[in-house]
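Fold and geometry: a report
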Amino acid sequence: MPPHSRLIFGFHSVLAKLRHDPGAVREIYVDSARRDARLRDLLEHAAFAKVRVLPVESARLEAIAPGARHQGVIATVDGTQRHVVLDDVLDTLDEPAFLLVLDGIQDPHNLGACLRVADA
């Protein structure tokens, strides 16, 4: 991995980074066996952002991010970019903010339930 890089993985994380900060995405590794709509959508975003996509075997993805739930997608991103603080996000909104503040969520099902209730 290049210096000052970090990994992000999973479709939601990689797509969000491509949509909101495509210049920070250096390259994307995808499972060469996948051929579904989610991957096609990600590939379209990557092509639009001119990000290099590398199809690799699933074993290679496991070696890159051992034990991670990568869903067949891993991206290397610029690790030197500053972290966004809440004020930065709130300043860019065009509509009133709706915040859900959570602490200590360990079960992904609990997080999903919280998000669904907040969305409703």
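To start, this report covers the structure provided alongside it. Here, residues in each chain are numbered from 1, in the same order as that chain's written sequence. Only residues with pLDDT of at least 70 get local features here, since the model is predicted, and only at 80 or more are side-chain atom pairs given and counted; chain-wide, interface and lining totals rely on the full set of residues. No hydrogens and no water enter the side-chain calculation; it runs on all heavy atoms of the structure.

Moving on: the side chain of His70. Every helix listed is a DSSP run of H or I at least four residues long, and every strand listed is a run of E at least two residues long, numbered separately from the N terminus. Mapped onto the secondary structure, His70 falls in the loop between α3 (58-64) and β4 (73-78). A distance of 2.8 Å separates a polar atom in the side chain of His70 from a polar atom in the side chain of Glu62. Any two residues whose heavy atoms approach within 4.5 Å at even a single point are treated as in contact. Sequence-distant contacts of His70, that is, excluding residues within four places in its chain, are made with Phe9, Gly10, Leu61 and Glu62. Here a polar contact means two N or O atoms within 3.5 Å. Within protein one must be a hydrogen donor candidate and the other an acceptor candidate, and residues neighboring in sequence count only if both atoms are side-chain atoms.

Attention shifts here to the sheet that holds strand β2 (residues 25-31). The pairing of strands in a sheet comes from backbone hydrogen bonds and takes either a parallel or an antiparallel form. In this analysis, strands are considered paired if DSSP registers two or more bridges between them. As summarised here, the arrangement of the 4 strands in space is β1-β4-β2-β3, forming an open sheet in which the pairing is mixed. Only two strands of the sheet have a single neighbouring strand rather than two, namely β1 (5-9) and β3 (52-56). Between one strand axis and the next, the sheet turns through 20° on average, direction left out of account. Bridging between β2 and β4 involves 5 bridges; their strand directions are antiparallel. Looking across to β4, one finds that Val25 is bridged to Val77. Those strands touched by helix α1 (residues 11-20) are β1, β2 and β4, and its axis lies near 125° from that of β1. In this analysis, axes come from line fits to C-alpha atoms, helices being fitted only over the stretch in contact, and the angle between any two N-to-C directions falls in the range 0 to 180 degrees.

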